[in-house]
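Commentary on secondary and tertiary structure
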Amino acid sequence: MLSSFTAHKFYVSVTQIDYNKEQKSLQIISRVFVDDIEDLLQERYDTTIVLNVNEETPKADVYLQKYFNQKLKLKVDGKEVNFTFLGKEYEDDLVICYLEIENIQAFESIEISNEILMDLFEEQQNIVHVKKENQRKSLILEKGKSIGLLNF
């Protein structure tokens, strides 16, 4: 029975958005497979880009920030907000990107448009978890349905 099992590559990213009431900010952590985002950055910007903790391309953060700015959009209570790309780190086969949106007072809704990797992989799914105080809500975004609205 196990011999009939074949490995199937799946395309997924997970983004966690936490509202920090004390700091009045949205703290965002986005996890993406290194090989997938590296392929995309090579295709889109520069064929020599390498994402690897030991031999990383010097402009890797610049390209990641540029791509995230184009593909991840947020609206808080109907108003578009911009994030700051704080940096990234590698963990096993993932690149973990840290973003932050400052000056966020209490909010009732958040709209997320997450098209990360959808321009390269048709099957890409982007899971988004949003936590505000004791409430947690989630979305699964995919090509053709890359925008979701969560009300709190």
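Summarised in this report is the structure supplied together with it.

Conventions adopted
Residues numbered from 1 in each chain as written. Predicted model: local features only at pLDDT ≥ 70, side-chain atom pairs only at ≥ 80, totals over all residues. Heavy atoms only, no water. Buried < 20%, exposed > 50% of the residue type's maximum accessible area, 1.4 Å probe, protein only. Helix = DSSP H or I, 4+ residues; strand = E, 2+ residues; numbered from the N terminus. Pairing = 2+ DSSP bridges. Patch = residues over 30% accessible without salt bridge, like charges linked within 9 Å, V, L, I, M, F, W, Y side chains within 5 Å. Areas by Shrake-Rupley, 256 points an atom, 1.4 Å probe, with all protein chains shown as cover. Salt bridge = Lys/Arg side-chain N within 4 Å of Asp/Glu carboxyl O. Lys, Arg positive; Asp, Glu negative; His and termini not counted. Charge placed at Lys NZ, Arg CZ, Asp CG, Glu CD. Axes fitted to C-alpha atoms, helices over the stretch in contact; angles between N-to-C directions. Parallel < 35°, antiparallel > 145°, perpendicular 65-115°, else oblique. Contact = heavy atoms within 4.5 Å. Nonpolar A, V, L, I, M, F, W, Y, C, P; charged D, E, K, R; others polar.

1. What about the pairing of strand S1 (residues 12–20)?
Most of S1 sits inside the fold, with seven of its nine residues counted as buried. Of the strand pairs in this sheet, S1 and strand S8 (residues 125–132) are connected by eight bridges, and their pairing is parallel. By the bridge assignment, Gln16 is partnered in S8 with His129. Note: S1 against strand S2 (residues 25–33), eight bridges, orientation antiparallel. When the bridges of S2 are listed, Tyr19 appears paired with Leu26. Hairpin geometry of S1 and S2 is characterised by an intervening segment of four residues between the two adjacent antiparallel strands and by a positive phi of about 50° at Lys24.

2. Details of a negative patch on the surface
A cluster of acidic residues, Glu89, Glu91, Asp92 and Asp93, forms a negative patch on the protein surface. Topologically, Asp92 is positioned in the loop between strand S5 (84–91) and strand S6 (94–102).

3. Re the packing of helix H1 (residues 34–44) against helix H2 (residues 60–71)
As a packed pair, H1 and H2 sit with axes 11 Å apart at the nearest point and diverge in direction by 90°. Classed by the angle they form, the pair H1 and H2 counts as roughly perpendicular. Counting all contacts with H1, which are made through Ile37, Leu40, Leu41 and Arg44, the residues of H2 involved are Tyr63, Leu64, Tyr67, Gln70 and Lys71. Each residue belonging to the contact of H1 with H2 can be placed in one class, and the counts come to six nonpolar, one polar and two charged.

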